[in-house]
Amino acid sequence: MNVIRLLTKKKKKLKNNPYWKQTMLEYFSFLDNDRDGYVTIEEMIDNIKPLQDYCLATPTKMDRLAAALTVFWGEVGLKPGRKVNKRMFLRGLNKLGRKELEREARGRPTLHSAVAHALFDIIDQNNNNQLTEIEIGNWMAASGLNPTDARRMMEEADKKKKGYISREELIESEFCSFFHPEKCMRQLGIRVV
Ligand SMILES: [Ca+2]
Ligand SMILES: [Ca+2]
């Protein structure tokens, strides 16, 4: 393998993108609800429980999300009963990212899209395929975030100013934050080198 090829390969690693790394470490802290320095799949499933009340999600919707999360995070290394620290978390997401980008490039459904679809169905309380600011606010409150940030998220994701976020927009913006840090950075006005 020549040097140029090596460099290109190295550059593609998500782990080497400081913006991605920081975002994912913040996400880790957010997921590590009991603050013990580890995340587990059990903790992830626990974290989504408030959605049932805040978004009036049916048990079917909840089960679908739990199942999609189990597959997605399973590939990151979060198997039942296994504790994952920050380093393992980043390494696993980096590895999954490579596979997900391959699936995306081949036009195959990503594991991430299964999670995003299930999440969309939960946030979309009245099942009309549109996420309003109120529905997004409920989701944020269920996740322990400030529901007033719903407006900011609407402004970022609702590009055509329709007054709602579509399924495609949610999936795209979520996938982007996980596996296309360069796109996200550009959207946020951060210069990509
Ligand atoms: Ca924990
Ligand atoms: Ca709706």
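See above for the structure.
Below or above, wherever it landed, is the structure these notes cover. (Residues numbered from 1 in each chain as written. Chains lettered and ligands numbered in written order. Predicted model: local features only at pLDDT ≥ 70, side-chain atom pairs only at ≥ 80, totals over all residues.)

1. Topic: the nonpolar core
Side chains of nonpolar character tend, in soluble globular proteins, to be buried together. Spelled out, the test is: Each nonpolar core reported here comprises buried Ala, Val, Leu, Ile, Met, Phe, Trp, Tyr and Cys residues connected via C-beta atoms within 7 Å. Between the buried cut of 20 or more and the exposed cut of 12 or fewer other C-beta atoms within 10 Å of a residue's own C-beta lies the partly exposed class, and all C-beta atoms are placed from the backbone. Helix and strand definitions here come from DSSP, where helices need a minimum of 4 consecutive H or I residues and strands a minimum of 2 consecutive E residues; each element is numbered from the N-terminal end. Two residues qualify as a contact pair if the distance between their C-beta atoms, derived from the backbone, is within 7 Å.
Within the largest apolar cluster, 36 residues are counted, with the highest numbers of intra-cluster contacts made by Cys55, Leu119, Ile122, Ile123 and Ile136. Looking at this core, the elements with two or more residues in it are helix 2 (18-31), helix 5 (59-76), helix 6 (86-105), helix 7 (111-123), helix 8 (133-142), helix 9 (150-157) and helix 10 (167-179). Ranked by residues supplied to this core, first place goes to helix 7 with seven residues. With residues up to four places along the chain from it excluded, the contact list for Ile123 reads Cys55, Leu131, Glu135, Ile136 and Trp139.

2. Description of unusual backbone geometry
One non-glycine residue with positive phi stands out, namely Asn129, at about 70°. Tracing the backbone through its elements, the reader meets Asn129 in the loop between helix 7 and strand 1 (130-131). Classification of Asn129 as exposed rests on a count of 11 C-beta atoms within 10 Å. Here Lys161, not a glycine, exhibits a phi torsion of approximately 55°, which is positive. Along the polypeptide, Lys161 turns up in the loop between helix 9 and strand 2 (165-166). Taking the C-beta count within 10 Å as the criterion, Lys161 has 7 such neighbours and is therefore assigned exposed.

3. Focus: the environment of Ala142
One can find Ala142 in helix 8. Along the sequence, Ala142 and Cys55 sit 87 residues apart, while their C-alpha atoms lie 7.8 Å from each other. Ignoring any residue separated from it by four or fewer positions in sequence, one finds Ala142 in contact with Pro50, Leu51, Tyr54 and Cys55.

4. Topic: helix 10
Heads up, the condition is: A helix's residues, less one, multiplied by 1.5 Å, set its expected span. An arc is given here, and it is the one of the directions from the helix axis to the C-beta atoms.
Taking 1.5 Å per residue as the helical rise, helix 10 with its 13 residues ought to reach 18 Å, and the 18 Å between its terminal C-alpha atoms agrees with that figure. Within helix 10, burial applies to Leu170, Phe175, Phe178 and Phe179. All buried residues of helix 10 lie within an arc of 125° about the axis, which places them on one face of the element. Tucked into the core, helix 10 has its buried residues touching helix 6, helix 7, strand 1, helix 9 and strand 2.

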